[in-house]
Amino acid sequence: MAVSALQAQPRMGLLWRNMPDSLLPAYINADKRNAMVDYYNMGETAEVMNELDGISVMDTLTATYAKVTLSSALDMQLALLPTAKGDTVICRVSTVSAPAKESRVEFFDLKWNRLPTTDFLDEVPAEQLLARPDTLNEEEFRQLCSFFEPRMVYVQLAPEPSQNTESPNKNENFTLSFSLSTPLTSKYDKEKLEPIMVQRKLKWNGEKYK
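Reading the values: rules and limits
- Residues numbered from 1 in each chain as written.
- Predicted model: local features only at pLDDT ≥ 70, side-chain atom pairs only at ≥ 80, totals over all residues.
- Heavy atoms only, no water.
- Pairing = 2+ DSSP bridges.
- Helix = DSSP H or I, 4+ residues; strand = E, 2+ residues; numbered from the N terminus.
- Contact = heavy atoms within 4.5 Å.
- Axes fitted to C-alpha atoms, helices over the stretch in contact; angles between N-to-C directions.
- Buried < 20%, exposed > 50% of the residue type's maximum accessible area, 1.4 Å probe, protein only.
- Phe/Tyr/Trp six-rings, centres within 6.5 Å; stacked < 30°, edge-to-face > 60°.
- Parallel < 35°, antiparallel > 145°, perpendicular 65-115°, else oblique.
- Left-handed = near helix turned anticlockwise from the far one by under 90°.
- Nonpolar A, V, L, I, M, F, W, Y, C, P; charged D, E, K, R; others polar.

### Focus on the sheet that holds strand 6 (residues 101–108)
Piece 1. With antiparallel pairing, 7 strands are arranged side by side in an open sheet as 1-2-3-4-5-6-7. Sheet topology places strand 1 (47–49) and strand 7 (114–115) at the edges, where each strand pairs with a single neighbour.
Piece 2. In this structure, strand 1 lies alongside strand 2 (residues 55–61), joined through 3 bridges in antiparallel fashion. By the bridge assignment, V48 is partnered in strand 2 with S56.
Piece 3. Across the face of the sheet, helix 1 (residues 11–18) comes into contact with strand 2, strand 3 (65–71), strand 4 (74–82) and strand 5 (88–97) while running at roughly 125° to strand 4.
Piece 4. Set on the sheet, helix 2 (residues 30–41) makes contact with strand 1, strand 2 and strand 3; between it and strand 2 the angle comes to about 50°.

As structure tokens, this is what we get:
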């Protein structure tokens, strides 16, 4: 996969404009995507009225990252990941909130051709997002785990500050943080569940998230 000329331009904005309609809900077309980028670049609120008569907002846009609230039930995060081979892949995290959150992680090349997810990310089983603290016995732990049915995994794609002080954006790293969605329970139950919930944070190493 060759390095694209897009890499010499404000890449994420252009990639967002050029994303195929088939990869987005029908209520966000190319004209609306273009308008969101234009508003953002002008320093205005980057929101448009979508085809469902709701509001879609571009919350963040940099050369390598974007966060877009498509609707009250769907948001999307995008990041450009440089590879050890010298090319770039796009990581996309889509999260549905209905109202519990569940995410899907996908990868694409710069022409929006889908790439095998397993090439860049190993599965993170929901069981790895629960752990028994010493204060609980096995039976208590099993009872609390039963609240997480069905188990829905929530993923956040986030930029981490670069350690390169001379060029802080040059080696920007994007982490994937995996958590279980908190079930619809009372505040009292949620407080009991928090001690057994574990977040897994994976970092991009130029080839894969580890």
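Now that the structure is up, let's keep going.
### What to know about the side chain of S181
Piece 1. Structurally, S181 is set in the loop between strand 9 (173–180) and helix 4 (187–193).
Piece 2. S181 sits in the buried class, given a relative accessible area of 11%.

### Overview of the packing of aromatic side chains
Piece 1. Counted under the stated rule, the structure contains 6 aromatic pairs.
Piece 2. Ring centres of F107 and Y209 lie 6.5 Å apart, and the angle between their planes is 40°; on these two criteria the pair is classed as tilted. Residue F107 is located in strand 6, and its partner Y209 is located in the segment after strand 10 (200–203); the two are separated by 102 residues in the primary sequence. Comparing F107 with Y209 shows no difference in burial state: the two are buried.
Piece 3. Within the aromatic cluster, the residues linked to one another by ring pairs are F107, F120, W204 and Y209.

### Focus on the packing of helix 1 against helix 2
Piece 1. The geometry of helix 1 relative to helix 2 is characterised by a closest axis approach of 8 Å and an angle of 155° between their N-to-C directions. Of the possible angle classes, the one that applies to helix 1 and helix 2 is roughly antiparallel. Judged by the twist between their axes, the crossing of helix 1 over helix 2 is left-handed. In this structure, helix 1 contributes G13, W16 and R17 to the contact, and helix 2 contributes R33, N34, M36, V37, D38 and N41.
Piece 2. Grouping the amino acids of the contact of helix 1 with helix 2 by side-chain chemistry returns 3 nonpolar, 3 polar and 3 charged.

### Examining the pairing of strand 5
Piece 1. Of all the 10 residues making up strand 5, 9 are buried; the element is thus mostly covered by neighbouring parts of the structure.
Piece 2. Where strand 4 and strand 5 come together, 9 bridges link them in antiparallel fashion. Residue pairing for strand 5: L81 is matched across the bridge by V89.
Piece 3. The hairpin formed by strand 4 and strand 5 contains 5 residues between the paired strands, and G86 there has a positive phi angle of roughly 100°.
Piece 4. Pairing geometry for strand 5 and strand 6, over 8 bridges, is antiparallel. Opposite R92, over in strand 6, you have E106 as the bridge partner.
Piece 5. The loop that links strand 5 with its antiparallel partner strand 6 comprises 3 residues.

By themselves, these figures tell us nothing about what the structure is for.
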